[in-house]
Amino acid sequence: VGGKARFITFEGIEGCGKTTQLRRLAKRMKARGIPFLLTREPGGTAIGRGIRNILLDARNRNLAPLGELMLYAADRVQHVREVILPALSRGAWVLCDRFSDATEAYQGWARGQDRRMVRRLNGLATQGLVPDMTFLLDLAVEKGLTRALRRNQAMPVNGQDRFEKEDLSFHRKVRKAYLHMARRHPERFVVVDADARAEEVEESVLRHLSRFL
């Protein structure tokens, strides 16, 4: 029904609504009878869930930026090998909450790690796998963090909010990085106004995916 299996990723700052839109898209695909897998990074595998706990734990304030980068790479190696490639090979679409672009934005731009090194590491971890389409849910940093804080209060995250606790300048660097990557890869990125109503964002996503469906 859905044609060739596609690898679709969602990116954006904290609180941009990625998870909401992924769930909405998954519901639409299920209704159409299109085989798909919904996953995320970090934490898309059993090993990855352990890594995610380390990365998001606000108590790990002393985690070195290079160590953080390597943990994301390790998570991605397992995720690509165990989950993403097998799903695509059996004909299922893969809908992923963050992928290698997040590492370039957060660890490269915002943490100040060498971006060429980050890209090389991403290439190794992904085995060269690149998403067919990446939705960048763009939103003002202040609005995103307000949403993220409200979400965390509604659903306690038990200290798993290390990135939400970064200062505004960090998140502004992340947003700037994402917009730069979207300009650099217009053939893959779709920038969506995440300040719109959830229904409008969903319709925009579906409209851009229509050429694959």
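Above this text is the structure in question.
Fair warning: this is a prediction, and the values are worked out from it, not measured in the lab.

1. Comments concerning the packing of helix H3 (residues 65-89) against helix H5 (residues 115-126)
- At their nearest, the axes of H3 and H5 sit 8 Å apart, and the two run at 25° to each other. By the angle class used here, H3 and H5 are roughly parallel. The handedness of the crossing between H3 and H5 is right-handed. Here H3 contributes Leu66, Leu69, Met70, Ala73, Arg76, Val77 and Val80 to the contact with H5, which in turn contributes Met117, Val118, Leu121, Asn122, Ala125 and Thr126.
- Per-class residue counts for the contact of H3 with H5 are 10 nonpolar, 2 polar and 1 charged.

2. Here we look at helix H8 (residues 198-209)
- For H8, built from 12 residues, the straight-helix expectation of 16 Å at 1.5 Å per residue is met to within 8% by its first-to-last C-alpha distance of 17 Å.
- For H8, the set of buried residues is Val201, Glu202, Ser204, Val205, Leu206 and Leu209.
- Check the buried side of H8 and you find it contacts strand E1 (7-11), helix H1 (18-32), strand E3 (93-97), strand E4 (133-138) and strand E5 (189-193).

3. Some thoughts on the sheet that holds E5
- Pairing in this open sheet of 5 strands is parallel, and the strands run E2-E3-E1-E4-E5 from one edge to the other. If you trace the sheet from one side to the other, it starts and ends with strand E2 (36-40) and E5, each paired once. When the angles between neighbouring strand axes are averaged without regard to direction, this sheet yields 20°.
- In this structure, E4 lies alongside E5, joined through 5 bridges in parallel fashion. Looking across to E5, one finds that Leu137 is bridged to Val192.

4. Looking at the packing of H3 against helix H4 (residues 100-110)
- At a minimum axis distance of 11 Å, the contact between H3 and H4 shows a crossing angle of 180°. As far as their axial angle goes, H4 and H3 are roughly antiparallel. Here Glu68, Leu69, Tyr72 and Arg76 of H3 lie close against H4, whose contacting residues are Ser100, Thr103 and Gln107.
- Considering only residue class, the contact of H3 with H4 consists of 2 nonpolar, 3 polar and 2 charged.

5. A word on the environment of Leu168
- Mapped onto the elements, Leu168 comes out in helix H7 (residues 168-184).
- A relative accessible area of 35% means that Leu168 is categorised as partly exposed.
- Along the sequence, Leu168 and Met133 sit 35 residues apart, while their C-alpha atoms lie 28 Å from each other.
- When near neighbours in sequence (up to four residues on either side) are disregarded, Leu168 contacts Val141, Glu142 and Leu145.

6. Thoughts on the pairing of E4
- Burial runs high along E4: 6 of the 6 residues are buried.
- Burial along E4 is two-sided: the residues Met133, Phe135 and Leu137 and Thr134, Leu136 and Asp138 are all buried.
- Here 4 bridges tie E1 to E4, and the two strands are oriented parallel to one another. Its bridge partner lying in E4, Ile8 is registered against Met133.

Rules of the game
Residues numbered from 1 in each chain as written. Predicted model: local features only at pLDDT ≥ 70, side-chain atom pairs only at ≥ 80, totals over all residues. Heavy atoms only, no water. Axes fitted to C-alpha atoms, helices over the stretch in contact; angles between N-to-C directions. Helix = DSSP H or I, 4+ residues; strand = E, 2+ residues; numbered from the N terminus. Parallel < 35°, antiparallel > 145°, perpendicular 65-115°, else oblique. Left-handed = near helix turned anticlockwise from the far one by under 90°. Contact = heavy atoms within 4.5 Å. Nonpolar A, V, L, I, M, F, W, Y, C, P; charged D, E, K, R; others polar. Expected span 1.5 Å × (residues − 1). Buried < 20%, exposed > 50% of the residue type's maximum accessible area, 1.4 Å probe, protein only. Pairing = 2+ DSSP bridges.

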